[in-house]
Amino acid sequence: MFETSILIQKTVLVMVVFGITLFMAMYSTFAERKVAAFFQDRLGPNRAGIFGLLQPLADGVKMFMKEDFIPTNAARTLFILGPGIAMFVACMTGAVIPWGTSFTGFGLNVPLQVADVNIGILYIVGFLSIGVYGIMIGGWASNNKYSLYSAIRASSQMISYELAMGLSIISIIMLSGSLSLREIVAGQTGFNWNVWYQPLGFLIFFICAVAECNRAPFDLPECETELIGGYHTEYSSMKLGFYLFAEYINMFISSAVTATVYFGGYNFPGVNPDALWGMAGPMVLFTKIIFFIFLFMWIRWTLPRFRYDQLMHVGWKGLIPLAILNMLLTGAGVLLFSK
Amino acid sequence: MLTNRSKVVVNKQMTFLERIYLPAIFKGMGITLRHFFKKKNTVAYPEVQREFSPVYRGLHVLKRDEQGRENCTACGLCAVACPAEAITMTAAERQKGEEKLYREEKYAAVYEINMLRCIFCGLCEEACPKDAIYLTDRIVPSDYERPSFIFGKDLLVEGIAPEQRVDVSKRKK
């Protein structure tokens, strides 16, 4: 009896998290177009529904209606696998993020986290690095030189920026003394956020997150001008849709991780995360997430793309030494002022 | 030096602040944020229509006078003035009982403008001694077939009812 109720609880939670993730990604595509338009003194899509709110649906229908084309010389299995991996990996990472403390009501007390893995942050870093396989496999299987270039760029970029990201996370782990995301958040009550102790770490982490999401100014794998879309040049219909969608899910998850690890997750001074049946926590977290998604877009519509050598320069000669320095300083700080 | 616009190329090393990119990035983000809250330039076209300039020359109209009689007497001056030879007409004599339709004894039985030939120069309007033809702020609609671009009197002459009249006061000097 006990196990069945756990199973039902978790199933419902998984569905809700999955649904919200897809919903957020869907409306991120809309928000991206709106934000881009506003930054460029335009209005953006406003015809489908009021304020254009039905635009994502229209886009989805359009994607489904397109011809699903597979080039003759493409490696068929891998070609189909590519977007699948990208989408699957993007959806998996939401599992370990603590969306709130716990839902109370109707005689229930459900922790708002799908899986409280005690190595939550490693799980996320691990899945983010699998994410590049979707791009790599898709780009390689397309049997197109541009796509191959893009795949190579994507993988080298991922490798370069994952290092700095991992190093900046180590500093957080040193502060919190735990790899579990729930404990990392629990240690940041009120306004006691990690970002105040790790401003440099946050900067490095966020830059790397932008790079991992393949978003401008690090969108070299799909740069329109040189690679004509890069890894998704040969893709059409919903396979292309999956790639584009996975990017937005990744952005949502990256924002969620940034908010969780550096900005106190569901904590906010003056807001009790247990209030309103435990729904106040998720609301706070989502406000932060939406802010970070906006920040992602803001950066994208401000900055031009880095050149490839600049990208490598920033990654290897800039961020990694800085992250190591940050790690050493944090270590010294923890040693001197240990709680 | 022909002009004084030439620039001397300097291979200047970037300063530290320039090399870490961040100050420039924040400056750029400030600029984009200002644009975010700026007034938008978009004109929501079908609902909001931008006013044309008074000198705009679009689809022609054949005017009627206050009593609803056609002004045109088929003198042919517009056709002669037309550099693109877009205007053709056939004149006819006004019969008894048609005084309410045509202002003078002669009128245009057929009056056609080929909108594909027309260059919208406005010389017909300038040539007209009878205040009959004007270019308006309306746009010639697009179409698939060439014959449909030959506009006859059915499309050119304005209606008699006050709401069907075409306002050309801006074109009159």
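## Some points on the overall build of chain A
No. 1: Helix and strand content of chain A: 13 helices and two strands.
No. 2: In summary, chain A has a C-alpha radius of gyration of 21 Å against a globular reference of 20 Å for 339 residues, a match within 12%.
No. 3: Taking the principal axes of its C-alpha atoms as reference, chain A extends roughly 60 × 50 × 45 Å.
No. 4: The buried share of chain A, taken over its 339 residues, is 45%.
No. 5: Taking as baseline every contact in chain A between residues at least 6 positions apart, the subset at least 24 positions apart corresponds to 78%.

## Observations regarding the overall build of chain B
No. 1: For chain B, the helix and strand inventory stands at five helices and five strands.
No. 2: Its helices and strands taken in sequence order, chain B reads α-α-β-α-β-β-α-β-β-α from the N to the C terminus.
No. 3: Going through the 173 residues of chain B one by one, you find that 14% of them count as buried.
No. 4: For chain B, the proportion of contacts with a sequence separation of at least 24, taken over those separated by at least 6, is 72%.

## A closer look at the nonpolar core
No. 1: Counting residues in hydrophobic clusters, the biggest one holds 86 residues, and the most contacted among them are A:Ala164, A:Phe205, A:Cys208, A:Val210, A:Ile249 and A:Phe252.
No. 2: Among the elements that take part in this core, helix H10 (residues 237–262) of chain A stands out by supplying 15 residues, more than any other.
No. 3: Core analysis: the next-biggest nonpolar cluster, separate from the first, contains 20 residues, B:Cys78, B:Cys82, B:Tyr107 and B:Ile133 among them.

## Examining the environment of B:Ile133
All names here are of chain B.
No. 1: Position of Ile133 relative to the elements: it lies in strand E4 (residues 133–135).
No. 2: Residue classification places Ile133 among the buried residues on the basis of 24 C-beta atoms within 10 Å.
No. 3: In this structure the C-alpha to C-alpha distance between Ile133 and Arg64, which are 69 residues apart in sequence, comes to 9.6 Å.
No. 4: Setting aside its immediate chain neighbours within four residues, Ile133 contacts His60, Leu62, Cys78, Cys124, Glu125 and Cys128.

## Some words on the pairing of strand E3 (residues 106–114) of chain B
A regular strand places its side chains so that they alternate between the two faces of the sheet.
Residue and element names in this part refer to chain B.
No. 1: Sheet topology note: the strand E2 (residues 87–93)/E3 ladder contains seven bridges and is antiparallel. Each bridged residue has a counterpart across the sheet, and for Thr90 the counterpart in E3 is Val110.
No. 2: Pairing geometry for E3 and strand E5 (residues 150–151), over two bridges, is antiparallel. Within E5, the position partnered with Asn114 by the bridge is Ile150.

## A closer look at helix H12 (residues 280–300) of chain A
No. 1: Between its terminal C-alpha atoms H12(A) stretches 30 Å, which fits the 30 Å expected from 21 residues at 1.5 Å a residue.
No. 2: For H12(A), every residue scored as buried is listed here: A:Gly281, A:Pro282, A:Val284, A:Leu285, A:Lys288, A:Ile289, A:Phe292, A:Ile293, A:Phe296, A:Met297, A:Ile299 and A:Arg300.

## Overview of the environment of B:Glu98
Residue and element names in this part refer to chain B.
No. 1: With respect to the helices and strands, the residue Glu98 is situated in the loop between E2 and E3.
No. 2: The partly exposed category is assigned to Glu98, around which 13 C-beta atoms lie within 10 Å.
No. 3: Put simply, Glu98 and Arg69 are 29 residues apart on the chain and 9.5 Å apart in space, counted from C-alpha to C-alpha.

## Things to note about helix H5 (residues 145–176) of chain A
No. 1: Compared with the 46 Å implied by 1.5 Å per residue over 32 residues, the 46 Å span of H5(A) between its first and last C-alpha is a close match.
No. 2: A:Gly177, located one to two residues past H5(A), shows a positive phi value of around 70 degrees.

## Considering the sheet that holds E3(B)
No. 1: Spatially, E2-E3-E5 (chain B) is the arrangement adopted by the three strands of the open sheet, whose pairing is antiparallel. The outermost strands of the open sheet, each flanked by one partner alone, are E2 and E5 of chain B.

## Quick notes on the packing of helix H4 (residues 120–141) of chain A against H5(A)
All names here are of chain A.
No. 1: As a packed pair, H4 and H5 sit with axes 8 Å apart at the nearest point and diverge in direction by 175 degrees. As judged from the angle between their axes, H4 and H5 are roughly antiparallel. Touching Ile121, Val125, Ser129, Val132, Ile135, Met136, Gly139 and Trp140 of H4 are Ser147, Leu148, Ser150, Ala151, Ala154, Ser155, Met158, Glu162, Gly166, Ile169 and Ile173, all from H5.
No. 2: Its residues assigned to classes, the contact of H4 with H5 comprises 12 nonpolar, six polar and one charged.

## Some remarks on the packing of helix H3 (residues 76–92) of chain A against H10(A)
All names here are of chain A.
No. 1: Between H3 and H10, the least distance of the axes is 8 Å, while the angle of their chain directions is 25 degrees. Overall, the two elements H3 and H10 adopt an arrangement that is roughly parallel. Once H3 is placed against H10, the crossing between them reads as left-handed. Here Pro83, Ala86, Met87, Ala90 and Cys91 of H3 lie close against H10, whose contacting residues are Lys239, Phe242, Tyr243, Phe245, Ala246, Ile249, Asn250 and Ile253.

## Some thoughts on the confidence of the model for chain B
Any region with low pLDDT has predicted coordinates that should not be read closely.
Residue and element names in this part refer to chain B.
No. 1: Looking at chain B as a whole, the pLDDT averages 88, with 99% of positions reaching at least 70.
No. 2: Element-level pLDDT for chain B is lowest in helix H1 (residues 16–19), with a mean of 80, against a maximum mean of 93 in helix H3 (residues 77–81).
No. 3: Interface confidence for the predicted complex, given as ipTM, is 0.77, next to a pTM of 0.80.

## Considerations on unusual backbone geometry
Residue and element names in this part refer to chain A.
No. 1: The residue Phe51 is not glycine, and still its phi comes out positive at about 55 degrees.
No. 2: Here Phe51 is to be found in the loop between helix H1 (2–39) and helix H2 (55–65).
No. 3: A tally of 14 C-beta atoms within 10 Å means that Phe51 is categorised as partly exposed.

## Some points on the environment of A:Ile80
No. 1: By the secondary structure assignment, A:Ile80 is in helix H3.
No. 2: On a C-alpha basis, the gap between A:Ile80 and A:Met174 in space is 41 Å, while along the polypeptide they are 94 residues apart.

Thresholds applied
Residues numbered from 1 in each chain as written. Chains lettered and ligands numbered in written order. Predicted model: local features only at pLDDT ≥ 70, side-chain atom pairs only at ≥ 80, totals over all residues. Helix = DSSP H or I, 4+ residues; strand = E, 2+ residues; numbered from the N terminus. Rg over C-alpha atoms; globule rule 2.2 N^0.38 Å. Buried ≥ 20, exposed ≤ 12 C-beta atoms within 10 Å, placed from the backbone. Contact = placed C-beta atoms within 7 Å. Core = buried A, V, L, I, M, F, W, Y, C linked by C-beta atoms within 7 Å. Pairing = 2+ DSSP bridges. Expected span 1.5 Å × (residues − 1). Axes fitted to C-alpha atoms, helices over the stretch in contact; angles between N-to-C directions. Parallel < 35°, antiparallel > 145°, perpendicular 65-115°, else oblique. Nonpolar A, V, L, I, M, F, W, Y, C, P; charged D, E, K, R; others polar. Left-handed = near helix turned anticlockwise from the far one by under 90°. pLDDT = per-residue confidence, 0-100.

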